[in-house]
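Chains, contacts and geometry: an overview
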Amino acid sequence: MPKVMIFAPSPLLTVTIEGGARGTELHVHAGGQGVWQSKMLRTLGAEVSICGVLTGESGRVVQHLLEDDGLTVHAVHRDGRGGAYVHDRRSGERVEVVELAGDPLSRHELDELYTTTIREAMSADLVLLSGPAGDGVLPDDVYRRLASDLTAAGRTVVVDLAGGRLAAALEGGVRLAKVSETELEAADASSSASMAGLIASATRLRDAGARSVVVTRAGRPAVLIDGDEVSTVHAPVMEAVDPSGAGDSFTAALAASLAEGDSLHGAVALAAAAGALNVTRHGLGTGDAEAIRRLSTQVEIIRADREARAQLSPDELAGRLEVDER
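Report on the accompanying structure.

Definitions and cut-offs
Residues numbered from 1 in each chain as written. Predicted model: local features only at pLDDT ≥ 70, side-chain atom pairs only at ≥ 80, totals over all residues. Heavy atoms only, no water. Helix = DSSP H or I, 4+ residues; strand = E, 2+ residues; numbered from the N terminus. Buried < 20%, exposed > 50% of the residue type's maximum accessible area, 1.4 Å probe, protein only. Patch = residues over 30% accessible without salt bridge, like charges linked within 9 Å, V, L, I, M, F, W, Y side chains within 5 Å. Areas by Shrake-Rupley, 256 points an atom, 1.4 Å probe, with all protein chains shown as cover. Salt bridge = Lys/Arg side-chain N within 4 Å of Asp/Glu carboxyl O. Pairing = 2+ DSSP bridges. Right-handed = clockwise from strand over helix to strand, strands pointing away. Axes fitted to C-alpha atoms, helices over the stretch in contact; angles between N-to-C directions. Parallel < 35°, antiparallel > 145°, perpendicular 65-115°, else oblique. Left-handed = near helix turned anticlockwise from the far one by under 90°. Contact = heavy atoms within 4.5 Å. Nonpolar A, V, L, I, M, F, W, Y, C, P; charged D, E, K, R; others polar. Polar contact = N/O pair within 3.5 Å; in protein donor to acceptor, adjacent residues only side chain to side chain.

**Quick notes on the environment of Ser 201**
Examined against the element boundaries, Ser 201 turns out to sit in helix H7 (residues 195-209). On the basis of relative accessibility, which here comes to 1%, the residue Ser 201 falls in the buried class.

Written as structure tokens, this is what we have:
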């Protein structure tokens, strides 16, 4: 069983109001990017631990919920206001009622979290760096330091970040960076909506410090940059019930497969299947392991050969890779 450690600095307490045949229901869960990723990792058979800060009353509830889900929690406990949200989905859409980012980490709390993360990473096959819910919870530079120190210690580091956190992690150096097309466009002022522009932007991320980069595109073929190799990833397009959490499912499946020792293409195929299946479900980061594995056999990865990369312009290369996305 592969071991994956997730850096999840501020897990959330989530409350969702649902409506159905039996009337209004209230669902209480632990949440946040790292937590939703952990659910898919567990579904795919990984042994998962989480390093984060748990704050006040909500933090104590979150710890119980995480442990009930079979996760090992390495927490820094503190007083204060923890991250949380209340969403109303009785209309069929997510409506924000309350969202709390939580208090920023103090220097002492950050030091304790950093040490805990390094310690627990030493027994993991792969480390996944995820972001907090709020922008001001911890400095971006923490991600640079973690990426650098964990890589130096021989750990495989995967990141699912955006903005300043992504830039910081890349400066430290990572095995693989996953980013959405929307996040990539926001991070790269010179990017464009064309496939050629997307490939160029993803290549700049690779050059900034990632050995490989995968860009998800909300129902359209993902783009994979692995060294000098450029590929598009084509998964079956499923009818969406709730697209929330598809990206986290993609990242989690990618991490689970790489931690198992699978090839990058095999990992990306499994990830694309997990993301595609997640949109058919209401739960974030959920799915069925066997369904994901069977669906992954229908994922096609189209690679541009070396001759094409050497002889074609970026636009011609994009045209060679692009297929009918209906």
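**A closer look at a nonpolar patch on the surface**
On the surface, a nonpolar cluster with roughly 250 Å² of combined accessible area is contributed by Leu 26, Val 28 and Val 61. Along the polypeptide, Leu 26 turns up in strand S3 (residues 23-31). Exposure remark for Leu 26: the relative accessible area of 58% places this residue in the exposed category.

**A word on the pairing of strand S5 (residues 72-78)**
Alignment of strand S4 (residues 47-55) against S5, held across seven bridges, turns out to be parallel. In the strand pairing of S5, Ser 49 is matched with Thr 72. For the handedness criterion, the β-α-β arrangement of S4, helix H2 (residues 56-68) and S5 is classed as right-handed.

**Brief notes about the sheet that holds S4**
Taken in spatial order, the ten strands of this open sheet run S5-S4-S1-S8-S9-S10-S11-S12-S13-S14, and their pairing is mixed. Where the open sheet ends on each side, the last strands, each with one partner, are S5 and strand S14 (300-303). Between one strand axis and the next, the sheet turns by 20° as a mean value, whatever way the strands run. Note: strand S9 (residues 157-160) against strand S10 (residues 174-180), three bridges, orientation parallel. Across the sheet, the residue bridging to Asp 160 is Lys 178, located in S10.

**A closer look at the pattern of salt bridges**
Enumeration over the complete set of coordinates arrives at 14 salt bridges. With a closest N to O distance of 2.6 Å, Asp 141 and Arg 144 form a salt bridge. In this pair, Asp 141 and Arg 144 both sit in helix H4 (residues 141-152), three residues apart, roughly one turn of the helix. Under the relative-accessibility criterion, Asp 141 is labelled partly exposed at 36%. The exposure class assigned to Arg 144 is partly exposed, which follows from its relative accessible area of 25%.

**What about the packing of H4 against helix H5 (residues 163-172)?**
It is the contact of H4 with H5, at a shortest axis distance of 7 Å, that shows an interaxial angle of 25°. When the axis of H4 is compared with that of H5, the two are roughly parallel. In the packing of H4 onto H5, the handedness of the crossing is right-handed. Listed contacts from H5 to Asp 141, Tyr 143, Arg 144, Ala 147 and Ser 148 of H4 are Arg 165, Ala 168, Ala 169, Glu 171 and Gly 172. Residue classes in the contact of H4 with H5 are distributed as four nonpolar, two polar and four charged.

**Overview of the side chain of Ser 58**
Mapping Ser 58 onto the fold places it in helix H2. For Ser 58, a relative accessible area of 16% puts it in the buried group. Only 3.3 Å separates the side chain of Ser 58 from the backbone oxygen of Thr 55, close enough to count as a polar contact. Beyond its immediate chain neighbours, meaning those up to four positions away, Ser 58 contacts Leu 13, Gly 82 and Gly 83.

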